[in-house]
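# Report on the structure
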Amino acid sequence: MNLDAALNADLHCHSVISDGTLSPEALAARAKAAGVQLWSLTDHDEIGGQPRAIAAARAAGLAYLTGTEISVSFAGRVVHIVGLGFDHEAPEIVAGLRATRGGREARARDMAAGLAEAGIPGAFEGALQYVSNPDLISRTHFARFLVDAGHCSDIPEVFRRFLTEGKPGFVPHKWAALKDAVGWITRAGGVAVIAHPGRYDFTPTEEYALITEFMAHGGRGIEVVTGSHTPAEFVKYTDTALEFGLLASRGSDFHSPAESRTDLGTLPPLADKLTPVWAALAARIHH
């Protein structure tokens with residue numbers, strides 16, 4: 001397999017083990033059918049699905065990198081760090097992610113209490129119907145419940161009305177520190193990547209601070225081509241990767257056939273002038 005920038009790699013997607021709606025096996029089959037050549041399952045703060053994803057990729061004849069997407073707090077906001085190619089059995093990353101997940105149930109009960117005060121009772125029990133892993137109950141599961149129960153017409157409306165800061169169902173969570181998340185990934189042999197940088201609405205100064213602190217802790221990559229980026233942002237973050245000497249990554253951030261606007265394997269390729277993250281992880285690819 002040629003590991004140049006033209007490779008159809010999809011290194012960002014989610015299964016039922018976090019907040020996606022498909023199993024790791026179904027995602028592997030979907031990726032293969034879409035022409036993906038190198039795949040990674042990157043569930044939120046969770047690596048429990050990695051053995052299934054590795055096995056499913058192997059059965060489909062699909063090259064695979066281990067993955068996760070870790071939520072961190074930075075400059076008062078939540079930033080996501082994708083980890084790729086790490087040892088998914090390394091004790092430090094297993095323990096770190098377990099601790100990060102630990103507060104989700106209490107947070108979810110507080111979210112449900114806020115929604116009950118806004119006239120929507122039973123939201124915790126309702127959201128649980130959409131969760132295969134109670135440790136990972138999230139805003140997305142509440143959103144699916146609120147749409148299916150008829151309180152909102154779609155998931156974006158749920159977030160606008162109920163689940164963003166200042167709204168009745170919003171409760172902050174104490175996420176991992178940037179230094180810790182990058183450290184867990186790199187000490188387990190992987191590469192840390194800033195996920196979808198265009199989503200954070202940072203000022204140029206804040207974005208510079210994120211990138212330089214990330215690199216100071218050992219972070220080496222940035223998502224350039226991803227499902228939430230515009231074509232202009234593909235260009236912007238191509239330039240950013242080149243300016244900072246970062247490895248470039250590509251991934252759809254696929255969650256669900258019904259909800260995701262970008263399907264697995266359908267993004268444009270990385271620019272030829274970039275160094276793809278998978279080139280640095282050749283020895284970590286499962287075949």
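Coordinates for the structure precede this section.
Scope of this entry: the structure provided in the associated data block. Note that the structure is a prediction, hence the values are computed from the model and not measured.

## Digging into the overall build of the chain
In terms of regular secondary structure, the chain is built from 11 helices and nine strands. On C-alpha atoms alone, the chain measures out to a radius of gyration of 18 Å, which is about the 19 Å that the 2.2 N^0.38 rule sets for 287 residues. When the backbone C-alpha atoms are referred to their principal axes, the chain occupies close to 55 × 45 × 40 Å. Taking all 287 residues of the chain together, the buried fraction comes to 55%.

## Digging into the nonpolar core
Of all hydrophobic cores here, the largest spans 53 residues; its most connected members are Leu38, Ile81, Ile93, Val224 and Val277. Per-element accounting of this core gives the leading share, five residues, to helix α8 (residues 178-187). With residues up to four places along the chain from it excluded, the contact list for Val277 reads Leu11, Leu84, Val191, Val193, Leu247, Ala248 and Ser249. By size, the runner-up hydrophobic cluster in this structure holds 21 residues, among which are Ile137, Phe145, Val158 and Phe162.

## Side note on unusual backbone geometry
Its identity as a non-glycine residue notwithstanding, Asp45 has a phi of 55°, on the positive side. One can find Asp45 in the loop between β2 (38-39) and α2 (50-60). Owing to a relative accessible area of 0%, Asp45 belongs among the buried residues under this scheme. At His196, a residue that is not glycine, the phi angle is positive and equals roughly 25°. With respect to the helices and strands, His196 occurs in the loop between β7 (191-194) and α9 (204-216).

## A word on the sheet that holds β2
Read from one edge of the open sheet, three strands run β1-β2-β3, paired in parallel fashion. Among the strands making up the open sheet, the edge pair consists of β1 (9-10) and β3 (63-64). Of the pairings in the sheet, the one linking β2 to β3 comprises two bridges and is parallel in character. When the sheet's bridge partners are listed, Trp39 is paired in β3 with Tyr64.

## Brief notes about the sheet that holds strand β4 (residues 67-74)
Here six strands make up an open sheet; going across it, the order is β6-β4-β5-β7-β8-β9 and the pairing mixed. Only two strands of the sheet have a single partner each, and these edge strands are β6 (176-177) and β9 (247-251). Relative to β7, strand β5 (residues 77-84) is paired through four bridges, and the arrangement is antiparallel. The residue bridging Ile81 from the neighbouring strand is Ile194, located in β7. Strands β4, β5, β7 and β8 (221-226) of the sheet are contacted by α9, whose axis makes an angle of about 175° with β7.

Cut-off values and rules
Residues numbered from 1 in each chain as written. Predicted model: local features only at pLDDT ≥ 70, side-chain atom pairs only at ≥ 80, totals over all residues. Heavy atoms only, no water. Helix = DSSP H or I, 4+ residues; strand = E, 2+ residues; numbered from the N terminus. Rg over C-alpha atoms; globule rule 2.2 N^0.38 Å. Buried < 20%, exposed > 50% of the residue type's maximum accessible area, 1.4 Å probe, protein only. Core = buried A, V, L, I, M, F, W, Y, C linked by side-chain atoms within 4.5 Å. Contact = heavy atoms within 4.5 Å. Pairing = 2+ DSSP bridges. Axes fitted to C-alpha atoms, helices over the stretch in contact; angles between N-to-C directions.

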